[in-house]
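# Report on the structure
Spelled out, the chains give:
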Amino acid sequence: MVQGTVNWNIKLDKEWLQEYVDDWVAFYRKATKEGNVASYIPILAKANPNHLGIAIHGKNGLKICSGDIDIPFTIQSISKVISFMVACMKNGVSYVLDRVDVEPTGEAFNSIMHLEMKSLNKPFNPFVNAGALTVTSMLNGATSSDKLAPLFNLLERMIGYRPSVNQEVFKSEDETSARNRAIGYYLLETGFLESDLEVTLETYFKQCSIEITVDDLARIGLILANDGQDPNNEEEIIPRQIARITKALMLTCGMYDASGKFATYVGIPAKSGVSGGIVAVAPPRVRNAPFPFIEGCGIGVYGPALEDRGNSIAGMKLLKHIASQWDLSIF
């Protein structure tokens, strides 16, 4: 049974932390029955809805992992975090934000209704599909391979190896892409896209099909928690300004149209994907309290059973519990 409030003065030993996280994962695994795996991309429907895993990375090499941590899955919309940072690093923050706004939409991630009804001069934010396609079109290169190269380079620096595209997932996305193609054609007609439509779409489908693990997500989260710096060697991987803007966007727009509730009840920047992944960022806390990971941490979660807005249902509940128990909220 999930533990209640804990006196962390005496529970900060790694062994104790591991036992508590194991307990919490076992408890919240039951919530997977409340959700459904994504089916609009056929290959994602094959995922096991009962899977739930978490990895937590802190400074000084402290790691806690529990549940189904060895299951590879595609990054999906979490890739929007990476492409946004790459676009800002290559083109400058002002250039990117002149073309994509930073406002929540209150609409589904694959909606274009807000673009037409509100006569916007740019997409709402880089984490909805319209904004993500616009950002992808800004990446340098005439081919998808050219455009993807800096994404792979950044990921390799962050997670320590070069991930690959799951070709089966890419093919499935490409073959069922009517909505994204409709968004792409609208963006093309309104002048938002900066590269060929087919190249932009191919790049986008491939970036969403990059395969990773919860451990990789936790590593990405840790670097963002440290304002873009690798805490192990103090190397700047992402410029501080870009890391901070990215975290702000994750907090306000990262969980689709459940972002407001997640920010209110969990209180940490996060970005989800419809494969069931969530990357979450707990920055260092200045409060003088005996909580775990007081110097900040990155959290990766995988749970492919989704709630109706496209977020891992068990993953969100697990993050809410951990944020409460460990006082991770930035507020």
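Scroll up to find the structure this text is about.
An account of the accompanying structure is given in this report.

Glancing now at unusual backbone geometry. Phi at D227 takes a positive value of approximately 55°, unusual for a residue other than glycine. Structurally, the position occupied by D227 is in the loop between α10 (214-225) and α11 (240-253). Not every positive phi belongs to a glycine, and D327 is a case in point at roughly 55°. The topology assignment puts D327 in the segment after α13 (313-325).

Taken N-terminus to C-terminus, the directions of helix α5 (residues 129-138) and helix α8 (residues 178-189) make an angle of 65°; their axes are 10 Å apart at the nearest point. The chirality of how α5 crosses α8 is right-handed. Where α5 approaches α8, its residues N129, A130, L133 and T134 are matched on the opposing element by N180, I183, G184 and L187. By residue class, the composition of the contact of α5 with α8 is four nonpolar, four polar and no charged.

With that settled, consider a negative patch on the surface. Taken together, the side chains of D13, E15, E19 and D22 make up a negatively charged region of the molecular surface. Given the relative accessible area of 54%, E15 is considered exposed.

All right, on to the pattern of salt bridges then. For the structure shown, the criterion picks out 13 salt bridges. With its nearest N and O atoms 2.8 Å apart, the salt bridge here joins R29 to D68. With a gap of 39 residues between them, R29 in the loop between α1 (14-28) and β1 (53-58) and D68 in the loop between β2 (63-67) and β3 (73-74) connect regions that are remote in the sequence. Among the ionic pairs, R181 bridges to E198, the shortest N-O distance being 3.0 Å. Taken together, the residues span a long stretch of sequence, with R181 in helix α8 and E198 in helix α9 (residues 197-208) at a distance of 17 residues. Overall, R181 belongs to the partly exposed group, its relative accessible area being 21%. Residues participating in the shared-partner salt-bridge network are D227, R240, R244 and K247.

About the cut-offs
- Residues numbered from 1 in each chain as written.
- Predicted model: local features only at pLDDT ≥ 70, side-chain atom pairs only at ≥ 80, totals over all residues.
- Heavy atoms only, no water.
- Helix = DSSP H or I, 4+ residues; strand = E, 2+ residues; numbered from the N terminus.
- Axes fitted to C-alpha atoms, helices over the stretch in contact; angles between N-to-C directions.
- Left-handed = near helix turned anticlockwise from the far one by under 90°.
- Contact = heavy atoms within 4.5 Å.
- Nonpolar A, V, L, I, M, F, W, Y, C, P; charged D, E, K, R; others polar.
- Patch = residues over 30% accessible without salt bridge, like charges linked within 9 Å, V, L, I, M, F, W, Y side chains within 5 Å.
- Areas by Shrake-Rupley, 256 points an atom, 1.4 Å probe, with all protein chains shown as cover.
- Salt bridge = Lys/Arg side-chain N within 4 Å of Asp/Glu carboxyl O.
- Lys, Arg positive; Asp, Glu negative; His and termini not counted.
- Charge placed at Lys NZ, Arg CZ, Asp CG, Glu CD.
- Buried < 20%, exposed > 50% of the residue type's maximum accessible area, 1.4 Å probe, protein only.

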